[in-house]
Amino acid sequence: MSNIGLVIEERAASIGNFMVGRLLPFRQKRMVGPFSFIDHMGPVAINERTNLDVDPHPHIGLSTLTYLFEGEIMHRDSIGSLERITPGAVNWMTAGKGVVHSERMPEDMHDKNALLHGLQIWIALPKELQEIEPSFQHIEAKDLPTWEENGVHFKLIAGEALGKKSPVAVYSPLYFIEIKSTDKTKISIGEGLYGESALYILEGKVMSEGNAYEPKHILIANDSKLCEFEMEANTTVYIFGGEVLPEERYILWNFVSDDVQRLEQAKEDWIAQNQKAFPLIPGDSDSYVPFPEEMKLFKNKQNS
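In short, a report on the structure. Remember, predicted model here, so these are calculated numbers, not experimental data. Going along each chain's sequence as written, the residues are numbered from 1 onward. Predicted model: local features are reported for residues with pLDDT of at least 70 only, side-chain atom pairs are reported and counted for 80 or more only, and whole-chain, interface and lining totals are derived from all residues. Side-chain measures were taken over the full set of non-hydrogen atoms in the model, leaving aside hydrogen atoms and water.

1. Some words on the overall build of the protein chain
Stage number 1. The secondary structure content of the protein chain amounts to one helix and 26 strands.
Stage number 2. Burial status follows relative accessibility: with a 1.4 Å probe on protein chains alone, a residue under 20% of its type maximum counts as buried, one over 50% as exposed, and anything between as partly exposed. Relative to its 304 residues, the protein chain shows a buried fraction of 55%.
Stage number 3. Expressed as a percentage of contacts within the protein chain between residues at least 6 apart in sequence, the contacts between residues at least 24 apart total 72%.
Stage number 4. Residue-level accessible areas treat just the shown protein chains as cover; the underlying method is Shrake-Rupley with a 1.4 Å probe. For the protein chain, the computed accessible surface area is about 13300 Å², with 48% contributed by carbon and sulfur atoms. Numbering goes from the N terminus for both helices and strands, where a helix is a DSSP run of H or I of at least four residues and a strand is a run of E of at least two. We call two residues contacting when some pair of their heavy atoms lies within 4.5 Å.

2. Focus: the environment of Ser81
Stage number 1. Relative to the assigned elements, Ser81 resides in the loop between strand S7 (73–77) and strand S8 (82–85).
Stage number 2. Distance from Ser81 to Gln137, taken between C-alpha atoms, is 9.0 Å for residues 56 residues apart in sequence.
Stage number 3. When near neighbours in sequence (up to four residues on either side) are disregarded, Ser81 contacts His75, Arg76 and Phe136.
Stage number 4. A 3.5 Å cut-off defines polar contacts: any pair of N or O atoms within that distance qualifies, except that in protein one atom must be a possible hydrogen donor and the other a possible acceptor, and neighbouring residues in sequence count only when both atoms are side-chain atoms. Here Asp77 takes part through its side chain, which lies 2.9 Å from a polar atom of the side chain of Ser81.

3. Considering the environment of Pro279
Stage number 1. Looking at the secondary structure, you find Pro279 in the loop between helix H1 (260–271) and strand S26 (298–300).
Stage number 2. Residue Pro279 is classed as partly exposed on the basis of its relative accessible area of 30%.
Stage number 3. The sequence separation of Pro279 and His101 amounts to 178 residues, and the corresponding C-alpha distance is 9.9 Å.
Stage number 4. If we skip the residues at most four places from it in the chain, Pro279 touches Ser78 and Val100.

4. Here's the deal with H1
Stage number 1. The span one expects for a helix is its residue count, reduced by one, times 1.5 Å. Here H1 is twelve residues long and its end C-alpha atoms lie 17 Å apart, about the 16 Å a rise of 1.5 Å per residue gives.
Stage number 2. Of the residues making up H1, those classed as buried are Arg262, Leu263, Ala266, Lys267, Asp269 and Trp270. Looking down the long axis of H1, one finds its buried residues gathered within 165° of arc, a one-sided arrangement.
Stage number 3. The inward-facing, buried residues of H1 contact strand S5 (53–59), strand S10 (99–104), strand S24 (249–252) and strand S25 (255–257).
Stage number 4. The residue sitting at the N-terminus of H1 and contributing the capping side-chain oxygen is Asp259; that oxygen lies 2.9 Å from the backbone nitrogen of Gln261. The arc in question is formed by the directions pointing from the helix axis toward the C-beta atoms.

5. So, the environment of Ala45
Stage number 1. Looking at the element boundaries, Ala45 is found in strand S4 (residues 35–46).
Stage number 2. Its relative accessible area of 36% is what places Ala45 among the partly exposed residues.
Stage number 3. Sequence spacing of Ala45 and Ala114 is 69 residues, and the spatial spacing of their C-alpha atoms is 5.6 Å.

6. Details of the sheet that holds S8
Stage number 1. Pairing between strands is defined by DSSP: at least two bridges between them are needed. Taken together, four strands build an open sheet; the order of strands is S5-S10-S7-S8 and the sheet is antiparallel. Edge strands, defined here as strands with exactly one partner in the open sheet, are S5 and S8. Sheet twist, expressed as the mean angle between neighbouring strand axes with direction ignored, is 20°.
Stage number 2. Here five bridges tie S5 to S10, and the two strands are oriented antiparallel to one another. From the neighbouring strand, Asp53 faces S10, where its bridge partner is Arg104. Between N-to-C directions, angles span 0 to 180 degrees; the directions come from axes that are lines fitted to C-alpha atoms, helices contributing only their stretch in contact.

What follows is the structure, encoded as structure tokens:
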């Protein structure tokens, strides 16, 4: 019996003036462990006509993880953080009771025709931590655990797995691992994983039980401890997952919670521009993303 329970293909989605590939949530699989949302950005050429400028917008009840393969983004938030994220580094922002942030192309990048390529990820907070104070952490690429085994390059971007621990301050047991091959090779790491697990193919090809899988797909494992597959040469994959949160989660726009009333309150606070709930961003408060009235509440079920 195959250990792959579900295959999810990227679907096109708009985040304003920028198109992305949506991976999670998916109608048959809303979450993988605490991972509740994944967008694949690009690769796209950035210039004066095409740029990523996401105006100030709010979050509650989650942590965001931004990881770039190419390009740069300037992050600002209502905590006072100002950070330029570069490829291989990690921006980890915890919204807790409420945070506002913006993501813009650095001014000196607009005329360079640079590529932007990366992942935007949401990770739901445990119930008892959903209303903590917001915080922000930036980890440079050089500070993440990296190692090599049999010619395969590993990086633990967040969480704890395979005997390693990332300095990213996560709030529940999880892992987000980068694996790069230079030659065709077999990977067997199941005993180092736990909870729910999935594999995202960025480039190259993955073979499992006689089946070939192409880029821009997520493979959901039936059992994380049976994680074995072959990577073709020059393949890059990301394995992510962790312990399932015991309560179901709901999503309303950029808000995540186990409490529907809390989501409705966040919606009302943002529409009213309640600065006690959602403070202004220092240096970036002249505009904001309005709440999309067509947005519907949905349950972010752990299982299909």
